[in-house]
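Chain by chain, the residues:
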Amino acid sequence: MAGMVEEKRRQLVAALFPEGIPRLWCPPITQYGADGRLDPQRTRKHLRFLCRTVRTFLLFGSTGDGWELSDTEKKEMLLFYAGEARQLGFRMLIGVLEPNKGAAAREMGKWVAWMQETTGKKDATEAMAQMHVCGFTVCPPKGAGLSQQEIGQELEGMLRLGYPTVLYQLPQITCNEMEPLTVQGLAQGYPNFYMFKDTSGQDAVVCSGLSFGGVFFVRGAEGDYEKWSALSGGCYDGFLLSSANTFGNRLLATLEALRKGGREEAAQNSAVVADIIGKVFAATESLEGGNVFANANKCIDHILAYGEAWGEHGSPMRHCGECIPLDYLEKTYAVLRDAGEVPKQGYCMEG
(Lines give C-alpha, C1' and ligand atoms only; values in the text may rest on other atoms or scores of the structure.)
Protein backbone atom coordinates (compact mmCIF):
# COMPACT_ATOMS: atom_id res chain seq x y z
CA MET A 1 0.00 0.00 0.00
CA ALA A 2 2.74 2.44 1.01
CA GLY A 3 4.63 1.68 -2.18
CA MET A 4 1.56 2.38 -4.29
CA VAL A 5 0.98 5.72 -2.59
CA GLU A 6 4.61 6.72 -3.05
CA GLU A 7 4.50 5.77 -6.74
CA LYS A 8 1.32 7.80 -7.28
CA ARG A 9 2.99 10.75 -5.55
CA ARG A 10 5.99 10.39 -7.82
CA GLN A 11 3.71 10.37 -10.87
CA LEU A 12 1.88 13.48 -9.65
CA VAL A 13 5.13 15.36 -9.09
CA ALA A 14 6.40 14.30 -12.52
CA ALA A 15 3.22 15.65 -14.11
CA LEU A 16 3.35 18.94 -12.21
CA PHE A 17 7.12 19.42 -12.48
CA PRO A 18 8.62 17.46 -15.40
CA GLU A 19 12.09 18.75 -14.50
CA GLY A 20 11.65 18.07 -10.78
CA ILE A 21 10.31 20.22 -7.96
CA PRO A 22 12.30 23.47 -7.78
CA ARG A 23 14.46 23.89 -4.71
CA LEU A 24 13.62 27.58 -4.28
CA TRP A 25 10.12 29.01 -3.84
CA CYS A 26 8.88 32.50 -2.97
CA PRO A 27 5.74 33.81 -1.22
CA PRO A 28 5.55 37.18 -3.05
CA ILE A 29 4.76 40.35 -1.15
CA THR A 30 1.68 42.16 -2.39
CA GLN A 31 2.32 45.47 -4.12
CA TYR A 32 -0.46 48.00 -3.46
CA GLY A 33 -1.19 51.33 -5.12
CA ALA A 34 -2.26 54.51 -3.36
CA ASP A 35 -5.89 53.31 -3.58
CA GLY A 36 -5.05 50.19 -1.56
CA ARG A 37 -5.65 47.85 -4.49
CA LEU A 38 -3.15 45.64 -6.31
CA ASP A 39 -0.71 47.79 -8.29
CA PRO A 40 -0.36 45.96 -11.64
CA GLN A 41 2.60 47.96 -12.93
CA ARG A 42 4.63 47.64 -9.74
CA THR A 43 3.73 43.96 -9.38
CA ARG A 44 4.75 43.29 -12.97
CA LYS A 45 8.19 44.81 -12.37
CA HIS A 46 8.64 42.85 -9.16
CA LEU A 47 7.64 39.59 -10.86
CA ARG A 48 10.15 40.14 -13.63
CA PHE A 49 12.81 40.78 -11.01
CA LEU A 50 11.81 37.61 -9.14
CA CYS A 51 11.71 35.44 -12.24
CA ARG A 52 15.41 35.98 -12.78
CA THR A 53 15.91 33.37 -10.06
CA VAL A 54 12.53 31.99 -8.86
CA ARG A 55 9.79 30.38 -10.95
CA THR A 56 7.47 28.93 -8.31
CA PHE A 57 5.38 31.05 -5.95
CA LEU A 58 2.98 30.72 -3.02
CA LEU A 59 0.18 33.24 -3.39
CA PHE A 60 -1.74 34.46 -0.34
CA GLY A 61 0.79 33.18 2.17
CA SER A 62 1.51 35.13 5.35
CA THR A 63 4.11 37.22 3.52
CA GLY A 64 1.52 38.06 0.87
CA ASP A 65 -1.14 39.14 3.40
CA GLY A 66 -3.10 35.92 2.92
CA TRP A 67 -4.83 36.22 6.28
CA GLU A 68 -6.05 39.73 5.44
CA LEU A 69 -7.05 39.70 1.76
CA SER A 70 -10.72 39.48 0.82
CA ASP A 71 -12.03 36.87 -1.64
CA THR A 72 -12.48 39.60 -4.24
CA GLU A 73 -8.89 40.79 -3.82
CA LYS A 74 -7.57 37.23 -4.10
CA LYS A 75 -9.48 36.51 -7.29
CA GLU A 76 -8.33 39.79 -8.84
CA MET A 77 -4.75 38.92 -7.93
CA LEU A 78 -4.90 35.35 -9.22
CA LEU A 79 -6.29 36.51 -12.56
CA PHE A 80 -3.45 39.00 -12.86
CA TYR A 81 -0.78 36.48 -11.82
CA ALA A 82 -2.16 33.87 -14.22
CA GLY A 83 -1.83 36.35 -17.07
CA GLU A 84 1.75 37.09 -16.12
CA ALA A 85 2.49 33.38 -15.69
CA ARG A 86 1.53 32.71 -19.30
CA GLN A 87 4.20 35.18 -20.38
CA LEU A 88 6.90 34.36 -17.84
CA GLY A 89 6.32 30.64 -17.37
CA PHE A 90 6.04 30.47 -13.59
CA ARG A 91 3.71 28.30 -11.48
CA MET A 92 1.76 29.05 -8.32
CA LEU A 93 0.38 27.50 -5.19
CA ILE A 94 -2.82 28.99 -3.82
CA GLY A 95 -2.59 29.56 -0.09
CA VAL A 96 -5.84 28.61 1.66
CA LEU A 97 -5.21 29.87 5.17
CA GLU A 98 -8.45 29.47 7.09
CA PRO A 99 -8.60 29.66 10.90
CA ASN A 100 -11.80 27.64 11.44
CA LYS A 101 -12.49 23.93 11.18
CA GLY A 102 -13.94 22.85 7.84
CA ALA A 103 -13.32 26.22 6.24
CA ALA A 104 -10.21 25.31 4.25
CA ALA A 105 -11.80 22.29 2.53
CA ARG A 106 -14.82 24.39 1.53
CA GLU A 107 -12.54 27.15 0.27
CA MET A 108 -10.50 24.74 -1.86
CA GLY A 109 -13.71 23.52 -3.50
CA LYS A 110 -14.77 27.10 -4.21
CA TRP A 111 -11.41 27.90 -5.79
CA VAL A 112 -11.59 24.89 -8.10
CA ALA A 113 -15.16 25.72 -9.14
CA TRP A 114 -14.12 29.32 -9.84
CA MET A 115 -11.14 28.22 -11.92
CA GLN A 116 -13.34 25.84 -13.89
CA GLU A 117 -15.81 28.64 -14.59
CA THR A 118 -13.06 31.13 -15.41
CA THR A 119 -11.22 28.84 -17.83
CA GLY A 120 -14.23 27.01 -19.25
CA LYS A 121 -12.55 23.70 -18.38
CA LYS A 122 -14.77 21.09 -16.71
CA ASP A 123 -11.82 19.01 -15.58
CA ALA A 124 -10.28 20.42 -12.38
CA THR A 125 -6.75 19.42 -13.37
CA GLU A 126 -7.04 21.16 -16.73
CA ALA A 127 -8.54 24.28 -15.16
CA MET A 128 -5.71 24.52 -12.62
CA ALA A 129 -3.09 23.92 -15.29
CA GLN A 130 -4.50 26.69 -17.49
CA MET A 131 -4.26 29.07 -14.51
CA HIS A 132 -0.67 27.85 -13.88
CA VAL A 133 -1.73 26.59 -10.44
CA CYS A 134 0.20 23.60 -9.09
CA GLY A 135 -1.86 23.02 -5.96
CA PHE A 136 -3.07 24.37 -2.65
CA THR A 137 -1.18 25.17 0.54
CA VAL A 138 -3.11 24.52 3.76
CA CYS A 139 -2.39 24.50 7.47
CA PRO A 140 -4.25 23.22 10.54
CA PRO A 141 -7.04 25.42 11.92
CA LYS A 142 -6.18 27.74 14.77
CA GLY A 143 -6.28 26.39 18.30
CA ALA A 144 -3.65 25.66 20.94
CA GLY A 145 -5.87 23.00 22.45
CA LEU A 146 -6.40 20.92 19.31
CA SER A 147 -5.31 17.29 19.63
CA GLN A 148 -3.26 15.53 16.98
CA GLN A 149 -6.34 13.47 16.15
CA GLU A 150 -8.36 16.63 15.53
CA ILE A 151 -5.56 18.16 13.43
CA GLY A 152 -5.18 14.97 11.42
CA GLN A 153 -8.90 14.63 10.77
CA GLU A 154 -9.12 18.24 9.63
CA LEU A 155 -6.23 17.84 7.20
CA GLU A 156 -7.67 14.55 5.92
CA GLY A 157 -10.85 16.43 5.01
CA MET A 158 -8.75 18.65 2.74
CA LEU A 159 -6.65 15.84 1.28
CA ARG A 160 -9.70 13.69 0.49
CA LEU A 161 -10.66 16.27 -2.13
CA GLY A 162 -7.77 14.89 -4.19
CA TYR A 163 -6.16 18.16 -5.27
CA PRO A 164 -2.35 18.56 -5.19
CA THR A 165 -1.69 19.79 -1.66
CA VAL A 166 1.15 21.24 0.41
CA LEU A 167 0.90 21.09 4.20
CA TYR A 168 2.16 24.17 6.03
CA GLN A 169 3.57 24.11 9.57
CA LEU A 170 2.80 27.62 10.83
CA PRO A 171 2.58 27.61 14.64
CA GLN A 172 3.16 31.37 14.81
CA ILE A 173 -0.41 31.71 13.48
CA THR A 174 -2.18 28.40 14.20
CA CYS A 175 -0.83 28.04 17.76
CA ASN A 176 -0.30 24.31 17.19
CA GLU A 177 1.97 21.94 15.29
CA MET A 178 1.55 18.78 13.25
CA GLU A 179 3.60 16.12 14.98
CA PRO A 180 5.84 13.81 12.93
CA LEU A 181 3.58 10.75 13.25
CA THR A 182 0.57 12.81 12.17
CA VAL A 183 2.40 13.97 9.04
CA GLN A 184 3.66 10.46 8.34
CA GLY A 185 0.13 9.05 8.56
CA LEU A 186 -1.12 11.63 6.06
CA ALA A 187 1.81 10.92 3.74
CA GLN A 188 1.06 7.19 3.83
CA GLY A 189 -2.60 7.71 3.00
CA TYR A 190 -2.69 10.53 0.45
CA PRO A 191 -0.45 10.68 -2.63
CA ASN A 192 -1.75 14.18 -3.45
CA PHE A 193 0.14 15.43 -0.36
CA TYR A 194 3.42 16.12 -2.16
CA MET A 195 5.20 18.89 -0.23
CA PHE A 196 5.60 20.02 3.39
CA LYS A 197 6.63 23.51 4.43
CA ASP A 198 7.91 24.16 7.95
CA THR A 199 8.23 27.73 9.23
CA SER A 200 8.37 26.79 12.91
CA GLY A 201 12.15 26.92 13.23
CA GLN A 202 11.92 23.74 15.34
CA ASP A 203 12.11 21.35 12.35
CA ALA A 204 10.68 18.46 14.38
CA VAL A 205 9.05 16.68 11.45
CA VAL A 206 11.96 16.61 9.04
CA CYS A 207 14.42 15.76 11.83
CA SER A 208 12.28 12.94 13.23
CA GLY A 209 13.98 10.22 11.19
CA LEU A 210 10.63 8.90 9.97
CA SER A 211 9.93 8.01 6.34
CA PHE A 212 7.46 10.23 4.48
CA GLY A 213 7.29 8.38 1.18
CA GLY A 214 8.91 10.92 -1.08
CA VAL A 215 7.21 14.07 0.24
CA PHE A 216 9.34 17.10 -0.69
CA PHE A 217 10.37 19.16 2.36
CA VAL A 218 10.92 22.92 2.17
CA ARG A 219 12.04 25.14 5.03
CA GLY A 220 10.35 28.48 5.64
CA ALA A 221 12.46 29.65 8.58
CA GLU A 222 15.29 32.02 7.75
CA GLY A 223 19.00 31.53 8.39
CA ASP A 224 21.68 28.83 8.01
CA TYR A 225 20.43 28.06 4.51
CA GLU A 226 23.48 26.12 3.42
CA LYS A 227 23.41 23.92 6.53
CA TRP A 228 19.76 22.91 6.14
CA SER A 229 19.97 22.05 2.44
CA ALA A 230 20.02 18.38 1.46
CA LEU A 231 22.73 19.34 -1.03
CA SER A 232 25.11 19.68 1.93
CA GLY A 233 23.75 16.78 3.95
CA GLY A 234 20.95 18.75 5.61
CA CYS A 235 17.34 17.67 6.04
CA TYR A 236 15.47 19.91 3.59
CA ASP A 237 15.01 19.38 -0.14
CA GLY A 238 14.46 23.09 -0.70
CA PHE A 239 13.29 26.43 0.67
CA LEU A 240 10.13 28.53 0.54
CA LEU A 241 11.33 31.82 1.96
CA SER A 242 10.06 35.36 2.29
CA SER A 243 13.64 36.51 1.69
CA ALA A 244 13.38 35.14 -1.86
CA ASN A 245 11.38 38.33 -2.57
CA THR A 246 14.60 40.25 -2.34
CA PHE A 247 17.56 37.88 -2.30
CA GLY A 248 16.54 35.11 -4.65
CA ASN A 249 19.86 35.67 -6.43
CA ARG A 250 21.96 34.89 -3.36
CA LEU A 251 19.72 32.04 -2.22
CA LEU A 252 19.91 30.41 -5.63
CA ALA A 253 23.66 31.01 -5.71
CA THR A 254 23.89 29.23 -2.35
CA LEU A 255 22.11 26.18 -3.73
CA GLU A 256 24.09 26.20 -6.97
CA ALA A 257 27.37 26.42 -5.09
CA LEU A 258 26.38 23.46 -2.92
CA ARG A 259 25.38 21.45 -5.98
CA LYS A 260 28.88 22.01 -7.38
CA GLY A 261 30.60 21.28 -4.06
CA GLY A 262 31.47 24.91 -3.29
CA ARG A 263 30.60 24.97 0.39
CA GLU A 264 32.66 28.05 1.19
CA GLU A 265 30.93 30.09 -1.52
CA ALA A 266 27.57 28.79 -0.36
CA ALA A 267 28.31 29.73 3.24
CA GLN A 268 29.33 33.25 2.20
CA ASN A 269 26.10 33.86 0.25
CA SER A 270 24.04 32.32 3.02
CA ALA A 271 25.67 34.51 5.65
CA VAL A 272 24.99 37.72 3.71
CA VAL A 273 21.28 36.97 3.41
CA ALA A 274 20.91 35.77 7.00
CA ASP A 275 22.69 38.83 8.38
CA ILE A 276 20.62 41.34 6.39
CA ILE A 277 17.31 39.58 7.02
CA GLY A 278 18.03 39.28 10.73
CA LYS A 279 18.89 42.97 11.07
CA VAL A 280 15.95 44.24 8.99
CA PHE A 281 13.50 41.94 10.78
CA ALA A 282 14.75 43.33 14.07
CA ALA A 283 14.47 46.91 12.78
CA THR A 284 10.88 46.44 11.57
CA GLU A 285 9.36 44.16 14.22
CA SER A 286 7.90 47.14 16.09
CA LEU A 287 5.96 48.25 13.00
CA GLU A 288 2.25 47.80 13.72
CA GLY A 289 -0.06 46.39 11.06
CA GLY A 290 0.76 43.48 8.76
CA ASN A 291 3.42 40.96 9.72
CA VAL A 292 7.18 41.14 10.02
CA PHE A 293 7.75 38.92 6.94
CA ALA A 294 5.82 41.31 4.70
CA ASN A 295 6.98 44.54 6.33
CA ALA A 296 10.67 43.67 6.31
CA ASN A 297 10.66 42.48 2.72
CA LYS A 298 8.67 45.49 1.55
CA CYS A 299 11.35 47.72 3.04
CA ILE A 300 14.19 45.79 1.40
CA ASP A 301 12.32 45.54 -1.89
CA HIS A 302 11.77 49.30 -2.01
CA ILE A 303 15.52 49.94 -1.73
CA LEU A 304 16.35 47.29 -4.34
CA ALA A 305 13.65 48.62 -6.66
CA TYR A 306 14.87 52.22 -6.70
CA GLY A 307 18.50 51.98 -5.59
CA GLU A 308 20.18 55.17 -4.41
CA ALA A 309 17.10 57.14 -5.46
CA TRP A 310 14.79 55.20 -3.11
CA GLY A 311 13.84 58.34 -1.18
CA GLU A 312 12.35 59.94 -4.30
CA HIS A 313 9.70 57.23 -4.78
CA GLY A 314 7.43 57.43 -1.80
CA SER A 315 6.94 54.51 0.56
CA PRO A 316 5.37 51.05 0.14
CA MET A 317 1.66 50.83 0.85
CA ARG A 318 0.39 48.04 3.11
CA HIS A 319 -2.96 46.22 3.23
CA CYS A 320 -3.88 48.09 6.40
CA GLY A 321 -4.04 51.25 4.28
CA GLU A 322 -0.92 52.86 5.72
CA CYS A 323 2.46 53.41 4.09
CA ILE A 324 5.59 52.19 5.82
CA PRO A 325 6.99 55.12 7.83
CA LEU A 326 10.15 56.67 6.41
CA ASP A 327 12.33 55.87 9.42
CA TYR A 328 11.93 52.11 8.81
CA LEU A 329 13.11 52.57 5.24
CA GLU A 330 16.06 54.62 6.47
CA LYS A 331 17.06 51.83 8.87
CA THR A 332 16.74 49.27 6.09
CA TYR A 333 18.81 51.39 3.73
CA ALA A 334 21.55 51.62 6.33
CA VAL A 335 21.66 47.83 6.72
CA LEU A 336 21.82 47.29 2.96
CA ARG A 337 24.38 50.05 2.47
CA ASP A 338 26.67 48.60 5.12
CA ALA A 339 26.39 45.19 3.45
CA GLY A 340 27.17 46.66 0.03
CA GLU A 341 23.77 45.57 -1.32
CA VAL A 342 22.30 48.91 -2.46
CA PRO A 343 22.22 49.01 -6.28
CA LYS A 344 23.09 52.29 -7.96
CA GLN A 345 20.04 51.82 -10.18
CA GLY A 346 17.17 49.72 -8.88
CA TYR A 347 15.28 47.16 -10.92
CA CYS A 348 12.29 49.48 -11.33
CA MET A 349 14.57 51.99 -13.05
CA GLU A 350 15.84 49.55 -15.67
CA GLY A 351 14.75 49.58 -19.30
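Above this text you will find the structure in question.
Undergrad: Provide a residue-level description of the pattern of salt bridges, including the pertinent values.
TA: Applying the stated rule across the entire model yields 13 salt bridges. The salt bridge involving glutamate 150 is made with lysine 101; its shortest N-O contact spans 3.2 Å. Of this pair, glutamate 150 sits in helix H6 (residues 148–159) while lysine 101 sits in the loop between strand S3 (91–96) and helix H4 (103–119), and the two are 49 residues apart along the sequence. Overall, lysine 101 belongs to the partly exposed group, its relative accessible area being 46%. If you follow the salt bridges from partner to partner, you end up with Arg44, Arg48 and Glu84 in one network.

Undergrad: Any details on the packing of helix H12 (residues 292–306) against helix H13 (residues 326–338)? Residues and values, ideally.
TA: Where H12 meets H13, the closest approach of the two axes is 9 Å, and the angle between their N-to-C directions is 65°. If you check the angle between H12 and H13, you find them roughly perpendicular. Crossing of H12 over H13 shows right-handed handedness. In this structure, H12 contributes Cys299, Ile300, His302 and Ile303 to the contact, and H13 contributes Tyr328, Leu329, Thr332, Tyr333 and Leu336. Partitioning the contact of H12 with H13 into residue classes produces seven nonpolar, two polar and no charged.

Undergrad: Lay out the pairing of strand S7 (residues 216–219) with the relevant residues and their values.
TA: Residue alternation in S7 divides its side chains into two sets, Phe216 and Val218 and Phe217 and Arg219, and both sets are buried. Inspection of the sheet shows strand S6 (residues 193–198) paired to S7 by four bridges, in the parallel sense. Within S7, the residue paired with aspartate 198 across the bridge is arginine 219.

Undergrad: Before we move on, could you go through the packing of aromatic side chains and cite the residues and values that matter?
TA: One pass over the full model with this rule turns up 15 aromatic pairs. Judged by centre distance (4.2 Å) and plane angle (10°), the rings of phenylalanine 49 and tyrosine 347 are stacked. Of this pair, phenylalanine 49 sits in helix H2 (residues 40–50) while tyrosine 347 is found in the segment after H13, placing the two residues 298 residues apart along the sequence. In terms of burial, phenylalanine 49 and tyrosine 347 fall into one category: buried.

The rules behind each value
Residues numbered from 1 in each chain as written. Predicted model: local features only at pLDDT ≥ 70, side-chain atom pairs only at ≥ 80, totals over all residues. Heavy atoms only, no water. Salt bridge = Lys/Arg side-chain N within 4 Å of Asp/Glu carboxyl O. Helix = DSSP H or I, 4+ residues; strand = E, 2+ residues; numbered from the N terminus. Buried < 20%, exposed > 50% of the residue type's maximum accessible area, 1.4 Å probe, protein only. Axes fitted to C-alpha atoms, helices over the stretch in contact; angles between N-to-C directions. Parallel < 35°, antiparallel > 145°, perpendicular 65-115°, else oblique. Left-handed = near helix turned anticlockwise from the far one by under 90°. Contact = heavy atoms within 4.5 Å. Nonpolar A, V, L, I, M, F, W, Y, C, P; charged D, E, K, R; others polar. Pairing = 2+ DSSP bridges. Phe/Tyr/Trp six-rings, centres within 6.5 Å; stacked < 30°, edge-to-face > 60°.

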